[in-house]
Amino acid sequence: MSDVLHRKMAHLFALLDVDDDGTVDRMDYTASADRLVTAFGFAPGSAESLRVRDRYARLWDEVTLPMDVDGDERVDVAEFAAGFDTFVTAREEGYREHVAPVADAFYDLMDVDGDGRITRTEYLRMAVSAFRMSEDAGRTAFDHLDLDSNGWLSREELHLANEQYFRSADEQAPGNWLFGPLPSVT
Ligand SMILES: [Ca+2]
Ligand SMILES: [Ca+2]
Ligand SMILES: [Ca+2]
């Protein structure tokens, strides 16, 4: 795996490790779902709230848990990076099969008013809650992802960004900004 891809996986891993204990497990995803539900103002037990929890449960069961090589039901950063490499980066169909359905689900969640466009406000709500990004990071990210600079993200723009994030070794790919600026190498 290229250096930039490895940095991207480590960056996303750190955002998903909500309790910062160095592993991602089911509880981290529950915590992410809680943050999202609160930020979006969904009532506990509402259909929207249950849908978010179901999405995260599936994200764990279908995408993340299969990366758990040693079977402790926790995924460390090495397993996470290796898992994406095996399932997504190294295979031409990896994005479409493993990440695109997740990206579509998040697109639908973000598009609160259902007009088929993700505005800066809609993107920021998700970025800051579910992905623990600062507002500044979210704003900068949005500007890079909005390729045609029309003020909203189309589904195509989001898919392009996701595919670049998970598969491109290009240091300059706009999709590298999907989860905010990548930490510089220390
Ligand atoms: Ca954790
Ligand atoms: Ca919208
Ligand atoms: Ca756009």
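A quick note: this is a predicted structure, and the numbers were derived from the prediction, not measured.

Chemist: Would you mind going over unusual backbone geometry with me for this structure?
Modeler: Residues other than glycine predominantly adopt negative phi, and peptide bonds predominantly adopt the trans conformation. Even without glycine at this site, Asp 20 takes up a positive phi of about 50°. Since its relative accessible area comes to 56%, Asp 20 is described here as exposed. Despite not being glycine, Arg 132 shows a phi value in the positive range, around 55°. Within the secondary structure layout, Arg 132 lies in the loop between α6 (120-129) and α7 (135-145). We classify Arg 132 as partly exposed; its relative accessible area is 24%.

Chemist: Help me understand the coordination of the calcium ion (ligand 1) in this model?
Modeler: Reference values for coordination geometry: four tetrahedral donors around a metal ideally subtend 109.5 degrees, six octahedral donors ideally subtend 90 or 180 degrees. Every protein donor of the calcium ion (ligand 1) is accounted for by Asp 17 (OD), Asp 19 (OD), Asp 21 (OD), Thr 23 (O), Asp 28 (OD) and Asp 28 (OD), and the metal-donor separations fall at 2.2 to 2.8 Å. Given six donor atoms and angles of 49 to 156° at the metal, the environment of the calcium ion (ligand 1) is assigned as irregular. Each donor residue of the calcium ion (ligand 1) belongs to the same chain, and together they define the spacing D-x1-D-x1-D-x1-T-x4-D.

Chemist: Help me understand the UniProt feature "domain: EF-hand" (unreviewed entry) in the protein chain, please; the structure alone is not making it clear to me.
Modeler: Within this numbering scheme, the UniProt entry marks residues 98-133 as carrying the feature "domain: EF-hand" (unreviewed entry). Secondary structure content for residues 98-133 is 64% helix and 6% strand, and the end C-alpha separation is 24 Å.

Basis of the calculations
Residues numbered from 1 in each chain as written. Chains lettered and ligands numbered in written order. Predicted model: local features only at pLDDT ≥ 70, side-chain atom pairs only at ≥ 80, totals over all residues. Heavy atoms only, no water. Buried < 20%, exposed > 50% of the residue type's maximum accessible area, 1.4 Å probe, protein only. Helix = DSSP H or I, 4+ residues; strand = E, 2+ residues; numbered from the N terminus. Donors = N, O, S within 2.8 Å, 3.2 Å for Na, K, Ca; no water. Tetrahedral: all angles 85-135°; square planar, octahedral: opposite > 155°, others 65-115°. UniProt positions renumbered as here; feature names shortened; annotations may be inferred.

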